[in-house]
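Fold and geometry: a report
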Amino acid sequence: MSTTTEAKITPLVYVAIIVTILAWASAFIVIRGTGVHFSGGALALGRLAVGALLLGIVVAIGRRWVWPNRIEWLQLIGFGVLWFGAYNVALNIAEHTLDAGTTAMIVNLGPLLIAIGAAVFLREGLTTWLAVGAAVAFIGVILIGVSSGSTSWGDPGVFWALVAAFTYAAGVLLQKPTLRRLPNAQVTFMGAAIGLIVCLPFTGELLRDLQDAPASAVLGMVYLGAVPTALAFSTWAYALSRVPAGQLGISTYVVPPLAIIMGLIVFGEVPAPLAILGGAVCLIGVALSRRGSRVAARRASVSDRGKTVAE
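Residues numbered from 1 in each chain as written. Predicted model: local features only at pLDDT ≥ 70, side-chain atom pairs only at ≥ 80, totals over all residues. Heavy atoms only, no water.

Under the annotation held in an unreviewed UniProt entry, the chain carries the name Drug/metabolite transporter (DMT)-like permease and is attributed to Antiquaquibacter oligotrophicus. We quote the UniProt Sequence similarities (unreviewed entry) comment for the chain here in full: "Belongs to the EamA transporter family." (UniProt positions renumbered as here; feature names shortened; annotations may be inferred.)

Written out as structure tokens, the structure reads:
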């Protein structure tokens with residue numbers, strides 16, 4: 001196993017990660033409340049229409065545009081189709097039949113896939129503590145899923161949640177290389193725009209659902225486009241451009257316990273004791289995954305002081 005040093009995370013990157021996690025956790029709750037009024041494809045299309053519009057405004061104001069080369073175009077297309085398009089549709093369909101806890105458990109196979117994929121395809125290395133933290137956090141996610149009470153693994157929602165997990169991981173691995181040269185805002189906007197184009201076949205379903213959906217559901221769709229999409233994908237891109245994909249992916253294990261807490265606040269659902277335990281285990285796993293970088297930072301600090309004294 002590689003002992004590659006993890007990146008040092010600055011306070012601003014921490015803020016970006018926190019915003020991303022909170023926004024994505026809220027998405028599970030809003031999708032559950034809004035999704036009953038829209039088909040999976042229609043909700044994805046409406047969300048991406050709002051998100052792409054807002055991200056386009058940000059790019060226009062920033063006036064920073066770097067023309068992608070051929071490889072970057074292929075990566076961007078894959079990123080947009082898989083994560084913005086396929087992931088959103090699959091997640092929406094999954095939550096039509098699965099509860100939030102089970103959905104979060106299955107979707108959070110993604111960070112493990114990202115950590116492995118980043119080590120294999122992006123050559124980031126898989127540190128011992130990152131692997132340990134990922135395993136511990138995943139156990140926490142399993143506990144949350146088991147506590148949710150859904151044991152029907154023959155449910156078609158399980159298949160769609162697995163599709164969401166794999167497209168999420170593949171999207172991150174394709175996005176990461178594009179951020180080396182292209183502006184964060186541009187990459188995020190292009191991903192949303194490509195996902196929007198992919199979802200255009202659902203236009204008829206969206207128009208039909210909008211006629212019957214209550215105002216609260218429409219506002220929920222707008223929220224999904226503005227916050228978990230436009231805002232959170234922007235903060236995610238900022239963090240991803242500065243942190244290894246595997247290391248950053250593990251941080252999203254905090255999303256399931258946060259979704260449980262938000263479910264309690266919004267729907268009055270009292271988390272089962274096992275869910276609370278699972279949330280604690282998730283947080284421990286994330287802390288363990290960061291241990292390697294903290295140790296490396298202390299060693300670097302000691303080394304720098306030693307060099308200063310020697311000089």
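Observations concerning the overall build of the chain
The helix and strand inventory of the chain stands at 13 helices and zero strands. Along the chain, from the amino end to the carboxyl end, the secondary structure elements read α-α-α-α-α-α-α-α-α-α-α-α-α. Taking all 311 residues of the chain together, 52% fall into the buried category. Here the analysis covers contacts within the chain between residues at least 6 apart in sequence; of these, 91% occur between residues at least 24 apart. A total of about 13,900 Å² of accessible surface is found on the chain, and carbon and sulfur atoms cover 71% of it. (Helix = DSSP H or I, 4+ residues; strand = E, 2+ residues; numbered from the N terminus. Buried < 20%, exposed > 50% of the residue type's maximum accessible area, 1.4 Å probe, protein only. Contact = heavy atoms within 4.5 Å. Areas by Shrake-Rupley, 256 points an atom, 1.4 Å probe, with all protein chains shown as cover.)

Regarding helix α8 (residues 184–199)
Helix length check: α8, at 16 residues, gives a terminal C-alpha distance of 23 Å against a target of 22 Å (1.5 Å per residue), a fit within 8%. Considered for burial, the residues of α8 that qualify are Asn184, Gln186, Val187, Thr188, Met190, Gly191, Ala192, Ile194, Gly195 and Cys199. The inward-facing, buried residues of α8 abut α2 (40–62), α3 (70–97), α7 (156–178), α9 (203–212) and α10 (215–240). (Expected span 1.5 Å × (residues − 1).)

Digging into the environment of Val132
Take Val132: it is sitting in helix α6 (residues 128–147). What makes Val132 partly exposed here is its relative accessible area of 32%. Linking Val132 and Leu288, residues 156 residues apart in sequence, is a C-alpha distance of 7.0 Å.

Description of the environment of Ala27
For Ala27, the position within the fold is in helix α1 (residues 11–34). Given a relative accessible area of 5%, Ala27 falls into the buried group. With near-sequence residues (within four places) excluded, Ala27 lies in contact with Leu224 and Pro228.

Considering the pattern of salt bridges
This model, assessed by the stated rule, comprises two salt bridges. In this structure, Arg208 and Asp209 form a salt bridge, with 3.5 Å as the shortest nitrogen-oxygen distance. Exposure remark for Asp209: the relative accessible area of 10% places this residue in the buried category. (Salt bridge = Lys/Arg side-chain N within 4 Å of Asp/Glu carboxyl O.)

Some thoughts on the packing of α2 against α3
Contact geometry for α2 and α3: axes closest at 8 Å, N-to-C directions at 135°. Relative to α3, the element α2 lies oblique. Viewed along their axes, α2 and α3 form a crossing whose handedness is right-handed. When α2 is examined against α3, the residues Gly40, Gly41, Leu43, Ala44, Arg47 and Leu48 are found in contact with a partner set consisting of Phe84, Asn88, Val89, Asn92, Ile93 and His96. (Axes fitted to C-alpha atoms, helices over the stretch in contact; angles between N-to-C directions. Parallel < 35°, antiparallel > 145°, perpendicular 65-115°, else oblique. Left-handed = near helix turned anticlockwise from the far one by under 90°.)

Here's the deal with the packing of α1 against α3
It is the contact of α1 with α3, at a shortest axis distance of 9 Å, that shows an interaxial angle of 50°. The angle between α1 and α3 falls in the class oblique. Here α1 and α3 pass one another in a crossing that is right-handed. Facing α1, whose interface residues are Trp24, Phe28, Ile31 and Arg32, α3 presents Trp83, Leu91, Asn92 and Glu95. In terms of residue class, the contact of α1 with α3 is made up of five nonpolar, one polar and two charged. (Nonpolar A, V, L, I, M, F, W, Y, C, P; charged D, E, K, R; others polar.)

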